[in-house]
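Architecture at a glance
The residues making up each chain are set out below.
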Amino acid sequence: MQNVIAVVEHRKGQTRKVTYELATEARALADRLGGKAHAVVLGGEAGALAESLKAYPLDVVHVAEDPDIDAYLLDPTIDYLEAAARAIGPSIVLVPNTMYGRDVASRLCARLDAGLAADVTGFEVENGRVACVAPKLGGVTITTCAFRNCEYGVVTVRPNSFTAQPGGGGASVEMLAKPAGKSYAMKIESEVEEASSELGLEEAPVVVSGGRGLGGPEPFETLLKPLADALGGAVGASRAAADAGWVPYSLQIGQTGKTVSPKLYIAVGISGAIQHKVGMRSAGTIVAVNKDATAPIAEFSDLVVAGDAFAIIPELTKLVETAKV
Amino acid sequence: MRIVVTVKLVPDLNAEKRIDPTTKRLVRTGMETVLNPYDEYALEAALQLKAKQGDDTTVTLLSMASESLKETLRKALAMGADDAVVLSDDALAGSDVAMTSAALAQALKKIGFDLVICGGLADDGSTGGVPGAIAEHLGLPGLTNARHLEIVGGTIKAQRETDSGYQAVTCPLPALVSVTMAVGEPRYASLKGIMGAKKKTIATLSGSDIGFENRAPKTELLSFAPPPARTKARIVEASDGATGARAIFDFLRERKLV
Ligand SMILES: Cc1cc2nc3c(=O)[nH]c(=O)nc-3n(C[C@H](O)[C@H](O)[C@H](O)COP(=O)(O)OP(=O)(O)OC[C@H]3O[C@@H](n4cnc5c(N)ncnc54)[C@H](O)[C@@H]3O)c2cc1C
Ligand SMILES: Nc1ncnc2c1ncn2[C@@H]1O[C@H](COP(=O)(O)O)[C@@H](O)[C@H]1O
């Protein structure tokens, strides 16, 4: 496992910040292993996106724009990734720990007979062996795990764990050949947008999250969204809010929902039940706004403001907006 | 039609979870074990399909777990599953995703199925790696993150959740599907269900029963440590909005977050 391959998640050429984090870390890791840093971009507009990846210190960007990739669920993607990985040789494959990335990792590890290291936030390299550092069990332990008995290691990387750093440049772009003799079964008949997702919750640098204390769906739009926008972040929710139907489950943070580790997490009207805690306790700074200063969330926050969220949040939004201009 | 639901047995969320320093495995004894919460949604999806498909459809649970935990499956039987299979073998303890998925795939071949339904994520290991890897081992379509499922003439029609909405996806049976929580709240077991569950079968399979022996995991836990401790929270009582907002703003300034 000498080389490193970053798998690029994108939609029609629009990618996420984590792509550049992976590209940067692919280089750093490849240097420590004495190998090459590769990226693979698949699907519509992959070529254009590959050009933009040239700003990052990669050796080769592999591209395929085969329409099958967007017409069928996952299978063509895995075929191309397998072909790229086999051509490159024993390697560490980095994918983002997102819905897409977990799907890719899950399939690819079996396809490549590889080990899987999940939700990784750092790497250690000793004698050419990669060890993956990951917070586990809802953040109560930090594990270091290594691969064995395999030529490939697949790693899902937690967004926001590495800093994207352009530079280096000069990557060559190579086209991947269409895998021969394949036919696909999972047909994507149509695609429906229900919410805008300029920024995935998992990779937002700031998350403003609401819970039962918000009392209904409207405050997520009228109270939290403006603050999240001002801070350049995204809105999340506790399980109680998702279960109440105030927000879609895709916003739910915690057990059975998403795990996030933004620089800043603002919990509004969230009591801090363990169901929620396991999804956010690794955030850099945690601020809680709660009527009750003794709510469980106080035990793992950095700042607790005891007061009325409906009065505090709009004022805070104004302060942040004013500070920006 | 035979539906198999994969169910992991995990420590209760409130249990004090820790890794044994000698075996480097999660301690699973001396605490309450529950059905992995996500897998209750998988079972709910299976029971909804069974209700629509009619009586010749059966729902079988499959869990790879120590035999001592198998009675935990009784709750899922009470919810309405027809029977259960536990894959138990000391040689399977310490399995990682690669080994777990290969073993479950092998067991599924033995049991037989038209449709496999998995949860999205297990509460303890939380890799989300098992479902897709099982599909890959069996050469099955692996339709992940379904929130709505219908079967029409041997074809699955699913709404599959994405970050921004959903995709309508079709695929032929046999297939593997993983679900999201939007399939619907898992049902409660009725009193009749609870009584009936006592008579349902929980069969046990070993590694040799399914021809799965002498395998080793592909990952190895080298070490583990507690995370750096957070200092105790600063607490501010805010009598009005402006005071509270100012306290947060100043704090964010201090930490260079605005
Ligand atoms: C703290 C910790 C960290 C770990 N990290 C890793 C890691 O990085 N890489 C790795 O390879 N392994 C890891 N493991 C091991 C992993 O938990 C086991 O391999 C486990 O058997 C499967 O993975 P999972 O819990 O992640 O399941 P997931 O893939 O999250 O489970 C998804 C679904 O698969 C099905 N499923 C999973 N396990 C079973 C089962 N035993 N029986 C029936 N159905 C099942 C269920 O339907 C479940 O909802 C870790 C374990 C622990 C305790
Ligand atoms: N004796 C056993 N038989 C079968 N599966 C087991 C056994 N012990 C643990 N497992 C499973 O192996 C995986 C890893 O478990 P553990 O090593 O206990 O964390 C989990 O899916 C467990 O359910």
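Quick look at the structure, then.

Reading the values: rules and limits
- Residues numbered from 1 in each chain as written.
- Chains lettered and ligands numbered in written order.
- Predicted model: local features only at pLDDT ≥ 70, side-chain atom pairs only at ≥ 80, totals over all residues.
- Heavy atoms only, no water.
- Helix = DSSP H or I, 4+ residues; strand = E, 2+ residues; numbered from the N terminus.
- Buried < 20%, exposed > 50% of the residue type's maximum accessible area, 1.4 Å probe, protein only.
- Contact = heavy atoms within 4.5 Å.
- Areas by Shrake-Rupley, 256 points an atom, 1.4 Å probe, with all protein chains shown as cover.
- Pairing = 2+ DSSP bridges.
- Right-handed = clockwise from strand over helix to strand, strands pointing away.
- Axes fitted to C-alpha atoms, helices over the stretch in contact; angles between N-to-C directions.
- Core = buried A, V, L, I, M, F, W, Y, C linked by side-chain atoms within 4.5 Å.

1. Topic: the overall build of chain B
Summing up its helical and strand segments, chain B has 6 helices and 13 strands in all. Its C-alpha atoms give chain B principal-axis dimensions of about 65 × 45 × 40 Å. Looking at the 258 residues of chain B, the share that counts as buried comes to 54%. If you take every contact in chain B between residues at least 6 apart in sequence, the share linking residues at least 24 apart comes to 71%. Carbon and sulfur atoms make up 50% of the accessible area of chain B, which amounts to about 11300 Å² in all.

2. Considerations on the pairing of strand E5 (residues 83–87) of chain B
Residue and element names in this part refer to chain B. The element E5 is largely enclosed, with a buried count of 4 among its 5 residues. With 5 bridges connecting them, strand E4 (residues 58–64) and E5 associate as parallel partners. Within E5, the position partnered with Leu 62 by the bridge is Val 85. Once the chain exits E4 it traverses helix H2 (residues 74–79) before rejoining the sheet at E5, and the crossover so formed is right-handed.

3. Here we look at the sheet that holds strand E12 (residues 219–225) of chain B
The antiparallel open sheet is built from 4 strands, whose spatial order is E8(A)-E9(A)-E10(A)-E12(B). A single partner strand is all that each edge strand has here, and the edge strands are strand E8 (122–126) of chain A together with E12 of chain B. Averaged over all neighbouring strand pairs, the angle between strand axes comes to 30 degrees, with direction disregarded. Relative to strand E9 (residues 129–136) of chain A, E8(A) is paired through 5 bridges, and the arrangement is antiparallel.

4. Regarding the nonpolar core
Core analysis: the largest hydrophobic core is formed by 73 residues, its most contacted members being B:Val5, B:Leu61, B:Ile117, B:Leu143 and B:Ile156. Broken down by element, this core gets its largest block of residues, 8 residues, from helix H1 (residues 37–53) of chain B. Not counting residues within four places of it along the chain, the set of residues in contact with B:Ile117 comprises B:Ile3, B:Val4, B:Val5, B:Thr6, B:Ala42, B:Ala45, B:Ala46, B:Leu49, B:Leu149, B:Val177 and B:Val179. Residues A:Val4, A:Tyr20, A:Val41 and A:Cys150 belong to the second largest nonpolar core, which totals 37 residues.

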